[in-house]
Amino acid sequence: MKKLMLLIAVILSSAFFMSTTVCEAKDIWVDHWNAEDVDIYVMDDTISSGTSDTGKYFKVSTKEVRNGALIRVVDWNFNKYKTDMWRYSTSGMKGNHTTVVIPRDQIFEFCMHALGWSYHIKDVWYY
């Protein structure tokens, strides 16, 4: 009986102390937009990136949440043409319009950090 109890104790302690790796997607809070009264969450498993002859780009999806309720999901596309500043477009924008990314954009900075890409701010733009 002592051997059985010892065996159970060893199995339980091994299961308890054994390190396990759990891989899961997370929605990470990055900002609160006062004007819209929404919290912005980056869906970290949606970050994708690439490079081309003309520059580099990345894409990400975010959630806008108000009072704990999902308002909408927005897809963001960030791109940098050669030596030009970073620009973005969203799934809510019409046509091929892009807008220059203004510094302290928490979505941009979170994704750049997650990708391990560097950037610098010159004047009032990201490069």
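As shown above, the structure is provided for reference.
Residues numbered from 1 in each chain as written. Predicted model: local features only at pLDDT ≥ 70, side-chain atom pairs only at ≥ 80, totals over all residues. Heavy atoms only, no water.

A. Highlighting the environment of K80. Residue placement: K80 occurs in strand β5 (residues 69–81). Given the relative accessible area of 14%, K80 is considered buried. Counting along the chain gives 23 residues from K80 to Y57, while the straight-line C-alpha distance between them is 6.3 Å. Each residue touching K80, except ones within four places of it in the same chain, is listed here: T54, G55, K56, M85, W86 and Y127. Looking at K80, its side chain comes within polar contact range of the main-chain oxygen of D84, at 2.6 Å. (Helix = DSSP H or I, 4+ residues; strand = E, 2+ residues; numbered from the N terminus. Buried < 20%, exposed > 50% of the residue type's maximum accessible area, 1.4 Å probe, protein only. Contact = heavy atoms within 4.5 Å. Polar contact = N/O pair within 3.5 Å; in protein donor to acceptor, adjacent residues only side chain to side chain.)

B. Inspection of the pattern of salt bridges at higher detail. Tallied over the full model, the rule gives four salt bridges. In this structure, D84 and R87 form a salt bridge, with 3.3 Å as the shortest nitrogen-oxygen distance. Classification of R87 by relative accessible area gives partly exposed; the value is 24%. (Salt bridge = Lys/Arg side-chain N within 4 Å of Asp/Glu carboxyl O.)

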